[in-house]
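Okay, here's what each chain looks like letter by letter:
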Amino acid sequence: MKLLITGGAGFIGSHVIKLFVLKYPNYKIYNLDALTYAGNLENLKAIETQANYSFIKGDINNEVFISKLFLKHDFDAVIHLAAESHVDRSIKDPLAFVKTNIIGTLNLLNAFKSCGENRLKNKIFYHISTDEVYGTLGETGLFTENTAYDPNSPYAASKASSDHFVRAFGETYGVPYIISNCSNNYGPNQFPEKLIPLFINNILEKKPLPVYGDGNYTRDWLFVKDHAKAIDVVLHKGKTGETYNIGGWNEWKNIDLVKLLCSKMDDKLHLKKGTSENLITYVKDRPGHDLRYAIDASKIKEALDWKPSVTFEEGLDETIHWYLNNEQWLKNVINKDYLSYYEKQYN
Ligand code: NAD
Ligand code: DAU
């Protein structure tokens, strides 16, 4: 199997690469990543010298480069994770999301199908997407694979569009594809712009913890290594042309999650109880903020026998432990660009 993984230097992609490189020594695994602010080769130190792994620096927005790359390698399978992934950035610069998430995906699809109908039959294009395409839930209900698309942020709209293009290439050109839509991931190596690593870093730096609005927004949290395992199962056992929802059965209101995180950080840092919680600051809400996400993950459980393997307590402990033991990783990503983003976003 010649497998191309896009976005493999990012948060989820690096966990997928680590899992696949060690589990499948006979696969040739190529990691295509542009190394944007979110891409970090330090995430892959553990496997970078393995014989079945190669890194290719390149941009999925570059149509000519992508088309040549596919001609050269004739990949059997693609797991497509490369994307602009942060909702707040999409509100400030939607065009960047259209370019990478929509045009970039289209470039990959065009290059993938260029091998011709006969060869295409035995290949698979696996597109990694998000539950945000479904919009928002009220106080009750769950997103299923049949929930209508109703994206609210520019990020969600760009991911919804990319999902539609993948499906359209299946219908129109016979491209074999699978899509999975996952809920909020957390874990080691997540860039500190997302809620959990941002708040861990701010507690370490004794900075305010900016909770949007009243904090009564709900997300369904999944440990990143469980998402990587789900991706493995879907690639190998999933049915072509199907969509799978992936989630943690683990809903938390932001403010409750933040308080739990604060109390764990107090313990780990031997701080007086309440020290971290005192940093909580309610700030202006995110525009178009989705009230609640929650995934019905029964299809993947019943059809493919996947379910989350760690509890939220275990996953959160492992995450905090990782950040406390990898302060240099954090220091390296808190650079000038990060500080300028932070300034614009929060001040
Ligand atoms: P991330 O931002 O941590 O990583 C994205 C990676 O893509 C980076 O390594 C970056 O360098 C690379 N990249 C960005 N633009 C590129 C381009 N033009 N060409 C090549 N590479 C490029 O993202 P993540 O959180 O790991 O998310 C990965 C995928 O999973 C995304 O498609 C995202 O929509 C999806 N997803 C994320 C979550 C989550 O909670 N993080 C949940 C569900 C789905
Ligand atoms: O649901 C899947 C999605 O989860 C992925 O597709 C996205 O790539 C990923 O970024 C994530 O999106 P969210 O917007 O839910 O994640 P974020 O960590 O940005 O925010 C989680 C919640 O916390 C959300 O309700 C907004 C809130 N929040 C976030 C930040 C960064 C705050 O209250 N303050 C903050 O500073």
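Since the structure is predicted, the reported quantities are computational estimates derived from the model, not experimental observations.

**Focus: the layout of surface pockets**
And then number 1: The space that makes up the second largest pocket amounts to roughly 440 Å³.
And then number 2: Taken together, 22 residues line the second largest pocket, and the ones lying closest to its centre are Tyr37, Arg89, Phe191, Asp337 and Tyr341.
And then number 3: Within the residue set of the lining of the second largest pocket, elements represented by two or more residues are α3 (87-92), α4 (94-113), α12 (327-333) and α13 (336-346).
And then number 4: Its residues assigned to classes, the lining of the second largest pocket comprises 7 nonpolar, 7 polar and 8 charged.
And then number 5: Each of domain 1 (2-186 + 220-246) and domain 2 (195-218 + 251-288 + 312-346) accounts for three or more of the residues forming the lining of the second largest pocket.

**Comments concerning the site of ligand 2**
And then number 1: Thr130, Asp131, Tyr155, Arg286 and Tyr346 are the nearest of the 26 residues found near ligand 2.
And then number 2: Between Leu195 and ligand 2, the recorded distance is 2.8 Å, taken from a backbone N or O atom to an oxygen atom.
And then number 3: In the model, an oxygen atom of ligand 2 is placed 2.9 Å from a nitrogen or oxygen of the Arg219 side chain.
And then number 4: Contact with the protein chains removes 94% of the 690 Å² of surface that ligand 2 exposes when unbound.
And then number 5: Among the residues forming the shell around ligand 2, the class breakdown is 12 nonpolar, 7 polar and 7 charged.

**Regarding the side chain of Asn184**
And then number 1: The residue Asn184 is located in strand β7 (residues 184-186) in this model.
And then number 2: Residue class for Asn184 comes out buried when judged on its relative accessible area of 19%.

Analysis parameters
Residues numbered from 1 in each chain as written. Chains lettered and ligands numbered in written order. Predicted model: local features only at pLDDT ≥ 70, side-chain atom pairs only at ≥ 80, totals over all residues. Heavy atoms only, no water. 1 Å grid on protein atoms, 1.4 Å probe; cavity = no way out; pocket = protein on both sides within 12 Å on 5 of 7 lines; lining within 4 Å. Points joined across faces, edges and corners; volume = space filled by probe spheres on them. Helix = DSSP H or I, 4+ residues; strand = E, 2+ residues; numbered from the N terminus. Nonpolar A, V, L, I, M, F, W, Y, C, P; charged D, E, K, R; others polar. Domains from an automatic or database assignment. Near = heavy atom within 4 Å. Polar contact = N/O pair within 3.5 Å; in protein donor to acceptor, adjacent residues only side chain to side chain. Areas by Shrake-Rupley, 256 points an atom, 1.4 Å probe, with all protein chains shown as cover. Buried < 20%, exposed > 50% of the residue type's maximum accessible area, 1.4 Å probe, protein only.

Don't take any of this as a statement about function, it's just geometry.
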